[in-house]
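# Residue-level structure breakdown
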Amino acid sequence: MRVRGIEMASKDCVKVAVRVRPFNKRERDAGSRCVISMTSNNISIQDPRNPQNSRTFTFNYTYWSHSGFTRNKDGLFVPEEAGGRYADQTSVFLDLGQGILDNALQGYNATLLAYGQTGSGKSYSMVGYGPNKGLIPTLCERLFQSIRNMQDSRQCQVFFSMLEIYNEQVVDLLSKSNRSTGGLRVREDQQRGFYVEGLRRVPCDSAVQVEQLMEQGTRTRTTAATHMNANSSRSHMLIIVQLKQIFSKECVTKQSNIYLVDLAGSERQRSSGSEADRLKEGTAINLSLTTLGNVISALADMALGKKVVHIPYRDSVLTKLLQSALGGNSRTVMIATLSPADICYEESLSTLRYAERAKRIQNKAVVNESPTERLVKELKAENAKLLMRLSRLGQEGRKADDETKELRRLLTHNELQIRAIQTLWEQHLQEALKDWETQYATITQERRMMQMHPYIMNINEDAQLSGVVKLFIQEGEWDIGLADNSPRALSIRGLGIQEKHAVFSNQQRRVSITPVSGSKVIVNGVSVSKRIELQHLDRLVLGSNSTYLFIGFPSERSGEDWSRYDYDYFQSELAEAEGFHIQSLCEDQGHRPHQPDPSLLAVFYDYIKLMPMVTEANQMSKELKKGVEFKLEIKNLAMSDSKGHDLEKDIAVRVTSVESKQVWMWSKAKFVNRKFLMEEVYQQQVEGGEGADRAPLPRDRDPFWDPLEPLHLGSAHLWLQSVAFRIPLEEQVEVVGPEGTEEAILQTQLVPCSPMGLPLGEDDILIDPSELLGKRLDFQLVLDQCCGLRWVKEARNRGVQIGFRVFDCPQPLYTPAMWHNVNPLMDHRVQFTALRTSQELLSYLQSNALVLELWGLQEGCSELVSCMDGLKITQEDSIIIDKISASEHSTAENGGSDLSSSLRALHQDLEQLRNVNAALRKENSTLREQLNSARNGVENNRGRQERRSSLRPSCDAEFAKALKVFYHSMTSVRGQLQRLRRHKPSEEADLLGFRLFVDEHTYLLKDFSEQLEQCVTTLKQDVAAIVRRKREKSGIWS
């Protein structure tokens, strides 16, 4: 659907378009739901967790490219029906690209920005794929068409440049020379504004030449990303097309700069992992995108009339180069691309908010006159003056030979300068054509090789960079690795790649790979250490994360679709090889595989996204000799829920010092930030070389190190239901770690007690917990001992603490630290008091558990301290919970003032009751005779009722005693069950050991069964005895 929105008030306002792409493969596999809808130029997004919560935005253009399309015979995606709502590439160009082109031909600067999260369709809209060409190639085709149509009226010159900004460094993607350290410099000129010093400008005279230059730039970008270990989704790509139009007759030149910008992915971190990092958040790698947001916000505020002191153009390389596009001399369009899937809701909403701000920006575009043309005009004007002086001298007949010679010399010099300026374009164009012919020959040779030999091609996270690098495996043996000094070597770069990493063999039309000792080679998700034969479309991972797809001999290629083997496919395959895939994750949570929960899908995709980053971090740690290992873990957030509900899962990274065994736990956001800092440190070493003298990095600036902090090891749930019945409870609870491992066993007690802390007796047990309402309740939490601490078993210099929080306590409470002991005795006792038990507290006790959190301590980290702020303490040193609400206080205080009004209301009710009473007296007189006749029956019933009421208190007490006995006996049964769960065979056990284990386990199981049966039988017998005695005494219980 192509919708032209309402025109903005100013012609030079930034125009904003929004495009929604189809579901990608992983979203389809996950059964994702569409949360975006469009009507006219409005777009709405719905919160998948709260369908009632939706936001609506209005933009200049909206494009529905999610559904309603088909592929025609030429491979183009077109609407299924004529006039359908699907917006194809042509529709987008007619609205956006054609406007950019028209502005450029009129002499205005024009800018097109593409913004959105990685994988949302930015590159497809800007560059396109296959026959579905995007805005950039289509715009270049139409530009040269227009030039050919207008060549009679003007001379046109087109220059093409292509650069990348990564980590605040500018890389010329068309440069012939090697990449300079630190990248190209951005300078400022009073007339030109900000520009890139030394950026190559290639003259072009056809769209085919531009296409070849883009292919060359993409190849350079892919190679640079591999060498720098850079993430292409974090880089910005800028294409600059300079158009110069020379109108000879009018002596006018118009010069326009067209900026086509594919911005870095705009991912935002999930809120569950957003704690601050002690090191610089985001680093230089995010600086450009962050500053761009600040510039857009400041300009949007200025457009609304707010006072803006400073617009931070100079804070980043990107915003310097885009200064004219944002609030300056340019006509600008932004296209924001969205994923419609529910799992991308937060990123899509963030993109819409960003675009909403951008549409308020106002620019001041003017037609540009070329400085070069002004120079030509000045030289011509000066020549005209010189000719006039020469003619004047001739007319006067003076003999001024010296002056005449000087004037003629100046005239000749100016003519030569004018001719040089005008012929410079032709010379540049001829040089560019020679380069293009060389490049074309290389591409032709590569295509010929593809039809003759098997090869491996790169697979990149950015689909536009996949398939760019092809390494051909010709007959014989070929070494692959860093070394390139052999004629039979395939040179690759990347983390973890050895000088000689592996050997490819192509013998008798069979291709195999043999890893060199110590090198990492993975085939189809499985690590290999010896020779293995490769099949067509096998997936290879060399080193840390250099991913390649093997393409077999031409005879083995049957025209299948290779596009499904994308970067996500590789990472999902690696995750599945580790036993982590979406089906098992959903089954663990009780979800059907075809209906996975969106939060679980988000965790799965976080996991496969972080996997290669963790691998790369481990390799950098190894090469930099940091002695730190990184490991992905899935945190179960249900451990911290007092109802034990499995709310959702989250990803964390466990960081371990190999030498000291110290452990840190980093959130996803913190690890991603540190990973970019690690890349900076690693890149500095690579650029410095092996023998370079480098001062050691201070520890407080080292991204591999952090100060030690207490580590959350796991949680146990102690259910509070027995407190509501005032029944004491002794229980052993298991502390479960984030990955379901048993971290320790806690021996605990819940003891109902008097205000002085004395345990209550059997007579205080309640059958109905509602009897506590409005009354005082005291109970003690007793932590006796912690057994089998896995944390301390791994390193004896460690310690632990237990933390807990009851009901409305504002801060958690902690036990004293216990060090160097696997089975420490705690004997920690805390008393809690509710002065007037409320319904909220009673419901909490009956349905919630007390979450006991186990915290690990390491030498050098501070211990956790209970914060007593906000806690109220009784005279008996008991902590008050269930505090009286302010509303109850105000009710008590205002009771006296409301008394008079209550009395008046009661008087009115009394009058009404008197009237009713008079009517009832008449009715009673008619009923007296019937009551007298039934008196005998009533007296008999009354006697039975009295006997029944006298029996009930004694029956309730007997029931309470029976239940107490049952609870006590079940405590020992629970202990036996815990022993059964912990009873495991030794890892070194032989066959005899296993037989002994089976015998012991059988005995424990039999003992558990007998105890359980005895508990239930005793309860049945007690209840039966109570019922029998009631029948005997009353005769009315049946």
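Residues numbered from 1 in each chain as written. Predicted model: local features only at pLDDT ≥ 70, side-chain atom pairs only at ≥ 80, totals over all residues. Heavy atoms only, no water.

## Remarks on the overall build of the protein
For the protein, the count of helices and strands is 21 helices and 43 strands. By the burial criterion, 47% of the 1038 residues in the protein qualify as buried. Nonlocal contacts in the protein, meaning residues at least 24 apart in sequence, comprise 69% of its contacts between residues at least 6 apart. Accessible surface, the protein as shown: approximately 53,300 Å² in total, 49% of it carbon and sulfur. (Helix = DSSP H or I, 4+ residues; strand = E, 2+ residues; numbered from the N terminus. Buried < 20%, exposed > 50% of the residue type's maximum accessible area, 1.4 Å probe, protein only. Contact = heavy atoms within 4.5 Å. Areas by Shrake-Rupley, 256 points an atom, 1.4 Å probe, with all protein chains shown as cover.)

## A closer look at the pairing of strand 15 (residues 193–196)
The pairing of strand 14 (residues 186–189) with strand 15 spans 4 bridges and is classified as antiparallel. Paired with Val 186 across the two strands is Val 196, which belongs to strand 15. (Pairing = 2+ DSSP bridges.)

## Quick word on the nonpolar core
In terms of nonpolar packing, the biggest core is built from 55 residues, with Tyr 607, Phe 630, Leu 632 and Phe 671 touching the most fellow members. Broken down by element, this core gets its largest block of residues, 12 residues, from helix 13 (residues 598–623). When residues no more than four places from it in sequence are discounted, the contact partners of Phe 671 are Leu 610, Met 613, Val 614, Ala 617, Phe 630, Val 653 and Trp 666. One finds Val 20, Phe 59, Leu 199 and Leu 352 within the second-largest nonpolar core, a separate group that totals 50 residues. (Core = buried A, V, L, I, M, F, W, Y, C linked by side-chain atoms within 4.5 Å.)

## Some points on the UniProt feature "binding site: ATP" (unreviewed entry) in the protein
In this structure's numbering, the residues bearing the UniProt feature "binding site: ATP" (unreviewed entry) are Gly 116, Gln 117, Thr 118, Gly 119, Ser 120, Gly 121, Lys 122 and Ser 123. Examined against the element boundaries, Thr 118 turns out to sit in the loop between strand 9 (110–115) and helix 3 (122–126). A relative accessible area of 26% means that Thr 118 is categorised as partly exposed. Structurally, the position occupied by Ser 120 is in the loop between strand 9 and helix 3. The class of Ser 120 is buried, set by a relative accessible area of 2%. Setting aside residues no more than four positions away along its own chain, Ser 120 makes contact with Arg 21, Thr 337, Leu 338 and Ser 339. A polar atom in the side chain of Ser 120 sits 2.7 Å from the backbone oxygen of Gln 117. (UniProt positions renumbered as here; feature names shortened; annotations may be inferred. Polar contact = N/O pair within 3.5 Å; in protein donor to acceptor, adjacent residues only side chain to side chain.)

## What about the packing of aromatic side chains?
Two descriptors summarise a pair of aromatic rings, namely the distance from one centre to the other and the angle between the planes of the rings. Within the structure shown, the criterion is met by 12 aromatic pairs. Ring centres of Phe 69 and Tyr 86 lie 4.9 Å apart, and the angle between their planes is 35°; on these two criteria the pair is classed as tilted. Here Phe 69 is found in strand 7 (residues 69–71), whereas its partner Tyr 86 is found in the loop between strand 8 (77–79) and helix 2 (89–105), with 17 residues between them in sequence. Under the relative-accessibility criterion, Phe 69 is labelled partly exposed at 26%. Judged by its relative accessible area of 6%, Tyr 86 falls in the buried class. (Phe/Tyr/Trp six-rings, centres within 6.5 Å; stacked < 30°, edge-to-face > 60°.)

## Some remarks on the pattern of salt bridges
One pass over the full model with this rule turns up 23 salt bridges. Residues Arg 21 and Glu 27 are paired through a salt bridge, measuring 3.0 Å at the closest nitrogen-oxygen approach. Accessibility assignment for this pair places Arg 21 and Glu 27 in one class, buried. Via salt bridges that share partners, Glu 743, Arg 790, Glu 794 and Arg 798 belong to a single interconnected network. (Salt bridge = Lys/Arg side-chain N within 4 Å of Asp/Glu carboxyl O.)

## Concerning the packing of helix 2 against helix 4 (residues 135–149)
Axis separation between helix 2 and helix 4 bottoms out at 10 Å; the angle between their running directions is 45°. If you check the angle between helix 2 and helix 4, you find them oblique. In the packing of helix 2 onto helix 4, the handedness of the crossing is right-handed. Residue-level inspection shows Val 92, Phe 93, Leu 96, Gly 97, Gln 98, Ile 100, Leu 101 and Leu 105 of helix 2 in contact with helix 4, the latter providing Leu 135, Thr 138, Leu 139, Arg 142, Leu 143 and Ser 146. (Axes fitted to C-alpha atoms, helices over the stretch in contact; angles between N-to-C directions. Parallel < 35°, antiparallel > 145°, perpendicular 65-115°, else oblique. Left-handed = near helix turned anticlockwise from the far one by under 90°.)

## Details of the environment of Leu 677
Relative to the helices and strands, Leu 677 is located in helix 14 (residues 668–688). Taking relative accessible area as the criterion, Leu 677 reaches 11% and is therefore assigned buried. Distance from Leu 677 to Arg 701, taken between C-alpha atoms, is 9.5 Å for residues 24 residues apart in sequence.

## What about unusual backbone geometry?
If you check the backbone angles, Gln 508 has positive phi at about 50° while not being a glycine. A relative accessible area of 72% places Gln 508 in the exposed class.

## Section: the pairing of strand 33 (residues 663–667)
Counting buried positions along strand 33 yields 4 of 5 residues, so the element is predominantly enclosed. Relative to strand 33, strand 32 (residues 649–657) is paired through 5 bridges, and the arrangement is antiparallel. Within strand 33, the residue paired with Val 655 across the bridge is Trp 664. In this structure, the hairpin formed by strand 32 and strand 33 is closed by a connection of 5 residues, where Lys 661 is found at a positive phi of approximately 65°.

## Observations concerning the sheet that holds strand 21 (residues 470–472)
If you trace the 6 strands from one edge of the open sheet to the other, you get 21-20-30-29-26-27, paired in antiparallel fashion. The open sheet is flanked by strand 21 and strand 27 (526–528), the only strands paired with a single partner. Each strand axis lies, on average, 30° off the axis of its neighbour in the sheet, ignoring direction. Two strands pair when backbone bridges link them, and strand 20 (residues 455–458) and strand 30 (residues 546–551) are joined in this way by 4 bridges, in the antiparallel orientation. For Tyr 455, the partnering residue across the bridge sits in strand 30 and is Ile 551. Its contacts with the sheet put helix 11 (residues 567–577) on strand 26 (521–523), strand 29 (539–542) and strand 30, and the angle it makes with strand 29 is roughly 80°.

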